[in-house]
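Now for the letters of each chain:
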Amino acid sequence: MEWQKLFLSIIPFPEISAARAMPLAINAVPNPEVHNGLAIQMIDEVRHSTIQMNLKRLYMNHYIDPAGFDITEKGFSNCYAGTIGRQFGEGFITGDAITAANVYLTIVAETAFTNVLFVAMPGEAAANGDYLLPTVFHSVQSDESRHISNGYSIILMALADERNRQLLERDLRYAWWNNHAVVDAAIGTFIEYGTKDRRKDRESYAEMWRRWIYDDYYRSYLVPLEKYGLTIPHDLVEEAWNRIWNKGYIHEVAQFFATGWFANYWRIDGMDDADFEWFENKYPGWYDKYGKWWERYSEMAVKNGHKPIAFEADAGYEYPHRCWTCMVPCLIREDTVVDEVDGQVRTYCSETCHWTDKVAFRPEYEGRPTPSMGHLSGKREWETLYHGKDVAEIMQELGYVRDDGHTLIPQPHLDLDPKKMWTLDEVKGITLNSPNVLLNEMSPEEREAHVAHYKAGGPAGRPAPEGATA
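This report concerns the structure included in the present document. If you're wondering where the values come from, they're calculated on a predicted model, not measured in any experiment. (Residues numbered from 1 in each chain as written. Predicted model: local features only at pLDDT ≥ 70, side-chain atom pairs only at ≥ 80, totals over all residues. Heavy atoms only, no water.)

1. Quick word on a nonpolar patch on the surface
Next, step 1: Together, Ile-16, Met-42 and Val-46 give the surface a local cluster of nonpolar side chains, amounting to about 210 Å² of exposed area.
Next, step 2: Along the chain, Met-42 turns up in helix α3 (residues 32–62). (Patch = residues over 30% accessible without salt bridge, like charges linked within 9 Å, V, L, I, M, F, W, Y side chains within 5 Å. Areas by Shrake-Rupley, 256 points an atom, 1.4 Å probe, with all protein chains shown as cover. Salt bridge = Lys/Arg side-chain N within 4 Å of Asp/Glu carboxyl O. Helix = DSSP H or I, 4+ residues; strand = E, 2+ residues; numbered from the N terminus.)

This is the structure in structure tokens:
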């Protein structure tokens, strides 16, 4: 239930962004019949947002710890994790109309990733005794088939003109990768780390992904588009699977979320032996990579004079750089890309996110003017906004303090005993620093050495040994 404070704070925003995307698509598509379908879709998206907001209100009124549910619409837009979801939702209305409202939204997000969003996750909620969430989200998913049809008809119309193929292939690469980077990060964490259902026969997120996305979407829906002359990003689909199965992407994200427990508006508890056994069964080798850190997390959840785990050097975790594009941190450290773009040294979680910023979202693409694409700008890294500030002051500024004005809304455990709950006192005097600000302050030689050392680190955020380089 605690993870629903994050999920239900984010998801109404993409729904409303999807509604806002429909006029963009209507203006771009010269077909009255499709206009009707898009108008109905806009109504659907508003309905989705409304019932999701009401579900959140119901939880707030009846859950044992409503703190956090009451600030979700404010919280998600300024939280170290919620801003990732904001970036995802803004993608529906960012760039060219076909890029945003057709390829990114309907062709990829709704056709592929709503399977894990609105089918797999509600199933996990039911397994944990929550039947309200499945009722709401299965109602949402029932509309997606109509939205999928809208997207499919538009892309076929666009493919009728050979000049569009170049841009559609660009859009598909960007849309697939950003959806994978954000949705798999969030929903994978919710399903795997937000559950107490540890039945051995329960599907892992990797198994769900292989069935819902790789087989049902990629092989059955995306690959057949090649007969219309569209080049499908097979390499990116395979790399997404590689990141999930071989590189531990979901586990790295869950660990990052837990590391930053002090800067959110929900509670993240540790894990026990039943959790460890399940993960080791589903992801062989998991314990050797992540188990010891989670044991340390549980130990450091207890107040005994230490700092939150993110600020304790002996926790064996190097706080990560943030990806400029997808805004998920650069957690698979060997894949990190660093480049100076628009006069700023930026970090990217992958070559594809680097390409998205430096090549795809530009006013020109492969010699062709693309003025509607714009570029990825602003303060995109949460840590940069609070660089050099005291953590207690940050929590007060964000509003992540309970009604007593002293106890934190977030906690590294689920115990509501006031004596065991962390307060502003435990985080006062701790300075938060932005890895990106520090990176830009380095000399070129210092930066090169730092990046090489960072890329040699991991898995599970382990700092590389002194002198090690990638």
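2. Observations concerning unusual backbone geometry
Excluding glycine, a negative phi dihedral is what most residues carry, and trans is how most peptide bonds are arranged.
Next, step 1: Backbone torsion omega between Gly-458 and Pro-459 reads -5 degrees, so that peptide bond is classified as cis.
Next, step 2: Take Pro-459: it is sitting in the segment after α19 (444–455).
Next, step 3: One non-glycine residue, Glu-366, lies in the positive phi region at around 50 degrees.
Next, step 4: Relative to the assigned elements, Glu-366 resides in the loop between β3 (364–365) and β4 (368–369).
Next, step 5: One non-glycine residue, Ala-460, adopts positive backbone phi at about 60 degrees.
Next, step 6: Positionally, Ala-460 belongs in the segment after α19.
Next, step 7: Owing to a relative accessible area of 2%, Ala-460 belongs among the buried residues under this scheme. (Buried < 20%, exposed > 50% of the residue type's maximum accessible area, 1.4 Å probe, protein only.)

3. Details of α19
Side chains of residues three or four places apart in an α-helix project in the same direction, reflecting 3.6 residues per turn.
Next, step 1: Its 12 residues place the ends of α19 16 Å apart at the C-alpha level, agreeing with the 16 Å of an ideal helix rising 1.5 Å per residue.
Next, step 2: Residues Arg-447, Val-451 and Tyr-454 constitute the buried set of α19. Down the axis of α19, the buried set is contained in an arc of 65 degrees. They therefore lie on one face. For α19, the exposed residues lying more than 90 degrees away from the buried face are Glu-445 and Glu-448.
Next, step 3: If you follow the buried residues of α19, they end up packed against β1 (337–341), β2 (344–348) and α18 (435–441). (Expected span 1.5 Å × (residues − 1). Arc of directions from axis to C-beta. Contact = heavy atoms within 4.5 Å.)

4. Considering the pairing of β1
It is a general feature of regular strands that their side chains alternate between the two faces of the sheet.
Next, step 1: Of the two faces of β1, only the one carrying Val-337, Asp-339 and Val-341 is buried; Val-338 and Glu-340 on the other face are not.
Next, step 2: Sheet topology places β1 next to β2; 5 bridges connect them, and they run antiparallel. If you follow Val-338 over to β2, its bridge partner there is Thr-347.
Next, step 3: Linking β1 back to β2 in an antiparallel pair, the connection comprises 2 residues, with Asp-342 at a positive phi of about 55 degrees. (Pairing = 2+ DSSP bridges.)

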